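# Structural characterization, general
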Amino acid sequence: MKKLVKTLSISALALSTASSLLTAQAEEEHVLRVASHLPPMTDIVELAAKNIAEPYSIELVEVSDNIQYNEAVFHDEAYASFAQHQPFMAMFNEERDADLEAIQPIYNAVVGFYSPVYQSIEDIEDGAEVAIPSDPTNEARALLILAQQGLITLEEKDALPTVDDIKENPKNLQFTSVDLLNLTGAYEDGVELVFNYPTYIAKIDLTPEDALFLEDEEDNTFAITLVVRKENVDNEATKALKDAFTSPEVYEYLEKLAEAGHLRPAFELESDETTAE
């Protein structure tokens, strides 16, 4: 009889342990790790974490460069990333044979060119040095802005433009490719024209108001977007994540940054959410 009681006790303990493990596993599956880089992206992740529907929660995974967040999602170390635009993600997919998908644009960063030398576009001298990003997608974005300002003319093509696609360069601008994270340093070194994002140029207390000229973007091609693996696009967890990142609270925060000239929201609130406010 004692042997039977002991056996039953062990069995009950095993069942209890198994149940606890299953519960812990289920809770872990509901924790959505989102890799991000710098403010305001990390701030938006934390704000979304306060607004995600149960049973889900968001854990911010801060990374230190523009490579780690994609690698983390690709290797299932994070469920999603929030740090890039769709063309940059597409470049990663091509280089790494990855399966990342852009699922929701959140905001357009107000990018442009800054100068420690010139006060207006008319001041730009012949042969001025221009620092542009070394990655193909942001290089293309920088060149398109220069074309918008009439400083260069680009060949018409379906693919993203490169420096080799410059057809006319009346001021004989001299282009230097610089890693995105080092463009602020190029400005401090005195390079005449420097492309940059608000996130990076803020490190030296500059804002888009200090830019010589800004991008005139009419669509969300380069919007900072939420990214997951293709297999997770239609998951309930992904839906909850999208809802949290497009919540009225996030939109209100974006609107405040928009008033300061840092960005533009890349989505609209649903009509019922607008009415609720």
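One can find the structure itself at the top, above this paragraph.
The rules behind each value
- Position numbers for residues start from 1 in each chain and track the written sequence from start to end.
- Totals for whole chains, interfaces and linings use every residue, but because this is a predicted model, local features are given only for residues with pLDDT of at least 70 and side-chain atom pairs only at 80 or more, for both listing and counting.
- Side-chain metrics in this entry use all non-hydrogen atoms of the structure; hydrogen atoms and water are not considered.
- Salt-bridge detection follows one rule: a side-chain nitrogen of Lys or Arg within 4 Å of a carboxyl oxygen of Asp or Glu.
- Counting from the N terminus, the helices are the DSSP runs of H or I reaching at least four residues and the strands are the DSSP runs of E reaching at least two.
- Relative accessibility under 20% of the residue-type maximum defines a buried residue, over 50% an exposed one, and the middle range a partly exposed one, all with a 1.4 Å probe and only protein chains included.
- Two strands qualify as a pair provided that DSSP identifies no fewer than 2 bridges between them.
- The angle between two axes is taken between their N-to-C directions and runs from 0 to 180 degrees, where each axis is a line fitted to C-alpha atoms and a helix contributes only its stretch in contact.
- We call two residues in contact when some of their heavy atoms are within 4.5 Å.
- Residues are grouped as follows: Ala, Val, Leu, Ile, Met, Phe, Trp, Tyr, Cys and Pro are nonpolar; Asp, Glu, Lys and Arg are charged; every other residue, Gly included, is polar.
- Grouping buried Ala, Val, Leu, Ile, Met, Phe, Trp, Tyr and Cys residues that are joined through side-chain atoms within 4.5 Å yields what is termed a nonpolar core.

Right, let's get into the pattern of salt bridges. In this structure the tally under the stated criterion is 7 salt bridges. Here arginine 141 ties to glutamate 215 by a salt bridge, and the two come within 2.8 Å at their closest N and O atoms. A residue pair is termed long-range when its members are at least 10 positions apart, and arginine 141 in helix H5 (residues 136–148) and glutamate 215 in the loop between strand S11 (213–214) and strand S12 (224–229) qualify at 74 residues. Of the two residues, arginine 141 and glutamate 215, both sit in the buried class. Across the pair lysine 157 and aspartate 165 runs a salt bridge, and its minimum N-O distance is 2.9 Å. Assessed through its relative accessible area of 40%, lysine 157 is described here as partly exposed. Look at aspartate 165 and you get buried, because its relative accessible area is 11%.

Ordered by their spatial adjacency, 5 strands build an open sheet running S9-S6-S10-S5-S11, and the pairing between neighbours is mixed. Two strands bound the open sheet, and with one partner strand each, they are strand S9 (174–178) and S11. With 2 bridges joining them, strand S6 (residues 129–133) and strand S10 (residues 193–196) adopt parallel strand pairing. Within S10, the position partnered with valine 130 by the bridge is leucine 193.

Right, let's talk about the sheet that holds strand S1 (residues 31–36) for a bit. An order of S2-S1-S3-S12-S4-S13 is seen for the 6 strands of this open sheet, with the pairing classed as mixed. For this open sheet the edge positions go to strand S2 (57–62) and strand S13 (263–265), each flanked by a neighbour on one side alone. Taken over all neighbouring pairs, the strand axes of this sheet differ in orientation by 30° on average, direction set aside. Inspection of the sheet shows strand S4 (residues 100–109) paired to S13 by 3 bridges, in the antiparallel sense. Following the sheet pairing, tyrosine 107 is matched in S13 by proline 265. Helix H9 (residues 248–259) rests against S4 and S13 of the sheet, and its axis sits at about 145° to S13.

This brings us to helix H4 (residues 86–96). Along H4, the residues that are buried comprise Pro87, Phe88, Met89, Met91, Phe92 and Asn93. Next to the buried residues of H4 lie helix H3 (68–74), strand S3 (80–84), S4, H5 and S12. Positive backbone phi, at 50°, marks aspartate 97, one or two positions downstream of H4.

This part takes up the packing of H4 against H5. The N-to-C vectors of H4 and H5 enclose an angle of 145°; their axes lie 8 Å apart at closest approach. Counted together, Pro87, Phe88 and Met91 of H4 and Pro136, Thr137 and Asn138 of H5 form the full contact between these two elements. A per-class count over the contact of H4 with H5 returns 4 nonpolar, 2 polar and no charged.

For alanine 258, the position within the fold is in helix H9. Here alanine 258 falls in the partly exposed class, since its relative accessible area comes to 25%. The contact partners of alanine 258, leaving out residues within four places of it in the chain, are Leu263 and Pro265.

Core analysis: the biggest nonpolar cluster contains 83 residues, and Phe82, Tyr107, Phe113, Leu241 and Phe245 have the highest contact counts within it. Residues contacting phenylalanine 113, with those up to four places away along its chain left out, are Val130, Ala131, Ile132, Ala142, Ile145, Leu146, Leu193, Val194, Phe195, Ala211, Leu212 and Phe213.

Below, the discussion takes up the environment of alanine 140. Here alanine 140 is to be found in helix H5. Looking at alanine 140, the relative accessible area reads 0%, which means it is buried. Sequence separation between alanine 140 and aspartate 165 is 25 residues, and the spatial gap between their C-alpha atoms is 9.9 Å. Those residues in contact with alanine 140 that lie beyond four places of it in its chain are Leu160 and Pro161.

Attention now moves to the pairing of S12. Extensive coverage of S12 is indicated by the burial of 6 of its 6 residues. One ladder, built from 6 bridges, connects S4 with S12; its direction is antiparallel. Looking at S12, one finds that leucine 100 is bridged to arginine 229.

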